[in-house]
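Summary of the model geometry
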Amino acid sequence: GAGVSQSPRYKVAKRGQDVALRCDPISGHVSLFWYQQALGQGPEFLTYFQNEAQLDKSGLPSDRFFAERPEGSVSTLKIQRTQQEDSAVYLCASSADPGRQFFGPGTRLTVL
Amino acid sequence: GESVGLHLPTLSVQEGDNSIINCAYSNSASDYFIWYKQESGKGPQFIIDIRSNMDKRQGQRVTVLLNKTVKHLSLQIAATQPGDSAVYFCAEIAWGKLQFGAGTQVVVTP
């Protein structure tokens with residue numbers, strides 16, 4: 001009965017490094033979303049999966065960002081060649097219906 | 001482009017008083033609105049939602065009001081408690097995606 005979990009909770013990367021952020025959704029939730037939240041701002045949509053299919057990736061800011069959900073459960077957001085502007089909290093959410101999304105605690109990424 | 005936004009960045013309220021958080025939206029096609037609460041270090045937590053065919057919905061100590069004429073949404077919290085201190089976001093479902101406003105920081109003082 002656990003909620004959405006994310007790991008790591010905190011990640012510090014040197015500029016240019018690749019990072020991988022993991023999301024474990026609520027069991028049975030078909031839909032999974034990734035958001036980016038800058039300090040003092042609301043979350044911004046990045047990408048959306050329905051089962052293993054990535055149906056919308058219009059919010060990914062550049063081709064350095066890549067997300068996958070190969071078995072329709074756990075998802076990974078990968079950022080290649082990190083830049084300082086990538087510093088943010090990355091939130092994952094899952095839902096069983098289109099409206100009510102349940103959010104994880106987020107991963108705070110700091111790029112030095 | 002069209003967006004969801006909030007009128008007040010910070011709201012200070014005395015414990016026991018009622019709180020009102022306001023939100024303006026501009027996408028007239030939106031038909032579903034949600035209020036989220038986000039505490040420090042946590043993800044947004046669902047509070048209450050409302051569809052555009054309603055103008056009021058009540059939950060436990062919270063009420064959401066929707067005025068489609070002026071595209072305005074508000075969240076009322078009754079008898080505000082210290083645990084209500086957080087950032088509150090209104091969000092709309094537009095084109096199948098959640099779009100959030102910038103948030104209002106609610107600070108509850110004793």
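Scroll up a little and you will see the structure.
Below, the structure is looked at part by part. This is a predicted model, so every value here is computed, not measured.

1. A closer look at the nonpolar core
The nonpolar side chains of a soluble globular protein tend to be buried, and buried together. By size, the foremost hydrophobic cluster in this structure holds 20 residues, and its most contacted members are B:Ile21, B:Trp35, B:Leu73, B:Leu75, B:Tyr88 and B:Val106. Contributing elements (two or more residues each) for this core: strand S2 (10-14), strand S3 (19-25), strand S4 (32-38), strand S5 (45-51), strand S7 (62-67), strand S8 (72-77), strand S9 (86-94) and strand S11 (104-109) of chain B. In terms of nonpolar packing, the next biggest core, distinct from the first, is built from 19 residues, A:Leu21, A:Cys23, A:Leu46 and A:Phe49 among them.

2. Let's talk about unusual backbone geometry
The amide bond that connects A:Ser7 to the next residue, A:Pro8, takes the cis arrangement and shows omega of -10 degrees. Position of A:Pro8 relative to the elements: it lies in the loop between strand S1 (5-7) and strand S2 (10-13). One non-glycine residue, B:Arg61, adopts positive backbone phi at about 65 degrees. Residue position: B:Arg61 is located in the loop between strand S6 (56-58) and S7. Judged by its relative accessible area of 30%, B:Arg61 falls in the partly exposed class. One non-glycine residue with positive phi stands out, namely B:Ala79, at about 50 degrees. Looking at where B:Ala79 falls in the secondary structure, it is placed in the loop between S8 and S9. Residue B:Ala79 is classed as partly exposed on the basis of its relative accessible area, which comes to 35%.

3. Here we look at the state of the cysteines
Taken as a whole, this structure holds two disulfides over all chains when the rule is applied. The disulfide bridge from A:Cys23 ends at A:Cys92, spanning 1.9 Å between sulfur atoms. Handedness here is read from the sign of the S-S torsion; for A:Cys23 and A:Cys92, about -65 degrees, the answer is left-handed. Note that A:Cys23 is positioned in strand S3 (residues 19-24) and A:Cys92 in strand S9 (residues 88-95), a separation of 69 residues in sequence. A single burial state applies to A:Cys23 and to A:Cys92, both of which are buried. Paired through a disulfide, B:Cys23 and B:Cys90 show a sulfur-sulfur distance of 1.8 Å.

4. So, the pattern of salt bridges
For the coordinates displayed, the defined rule picks out eight salt bridges over all chains. Note that A:Asp86 and A:Arg64 form a salt bridge whose closest N and O atoms lie 2.8 Å from each other. With A:Asp86 in the loop between strand S8 (75-79) and S9 and A:Arg64 in the loop between strand S6 (53-56) and strand S7 (65-68), this pair connects stretches of sequence that are 22 residues apart. As far as burial versus exposure is concerned, A:Asp86 and A:Arg64 are alike and both buried. The residue A:Glu68 makes a salt bridge to A:Lys78 at a minimum N-O spacing of 3.3 Å. With A:Glu68 in strand S7 and A:Lys78 in strand S8, the pair connects residues that are ten residues apart, well separated along the chain. One salt-bridge network, held together by shared partners, links A:Arg100, B:Asp49 and B:Arg57.

5. Let's talk about the interface of chain A and chain B
Taken residue by residue, the interface counts 18 residues in chain A and 17 residues in chain B. Roughly 1300 Å² of surface becomes buried between chain A and chain B when both sides are summed, with 54% attributable to carbon and sulfur atoms. A per-residue breakdown of the area chain A buries against chain B is headed by A:Pro43, A:Arg100 and A:Phe103, which together make up 33% of the total. Taken together, the links from chain A to chain B amount to two salt bridges. Note that A:Arg100 and B:Asp49 form a salt bridge whose closest N and O atoms lie 3.9 Å from each other. Across the side of chain A that touches chain B, the residue classes tally to seven nonpolar, eight polar and three charged.

6. A word on the pairing of strand S11 (residues 107-111) of chain A
Residue and element names in this part refer to chain A. Residues Thr 107, Leu 109 and Val 111 of S11 are buried on one face, while the alternating residues Arg 108 and Thr 110, pointing to the opposite face, are not. With four bridges joining them, S2 and S11 adopt parallel strand pairing. Looking across to S11, one finds that Val 12 is bridged to Thr 110. Judged from the three bridges that link them, S9 and S11 form a sheet pairing that is antiparallel. The residue of S11 that forms the bridge with Val 89 is Arg 108.

About the criteria used
- Residues numbered from 1 in each chain as written.
- Chains lettered and ligands numbered in written order.
- Predicted model: local features only at pLDDT ≥ 70, side-chain atom pairs only at ≥ 80, totals over all residues.
- Heavy atoms only, no water.
- Core = buried A, V, L, I, M, F, W, Y, C linked by side-chain atoms within 4.5 Å.
- Buried < 20%, exposed > 50% of the residue type's maximum accessible area, 1.4 Å probe, protein only.
- Helix = DSSP H or I, 4+ residues; strand = E, 2+ residues; numbered from the N terminus.
- Disulfide = S-S within 2.5 Å.
- Salt bridge = Lys/Arg side-chain N within 4 Å of Asp/Glu carboxyl O.
- Contact = heavy atoms within 4.5 Å.
- Buried area = accessible area lost by both parts, 1.4 Å probe.
- Nonpolar A, V, L, I, M, F, W, Y, C, P; charged D, E, K, R; others polar.
- Pairing = 2+ DSSP bridges.

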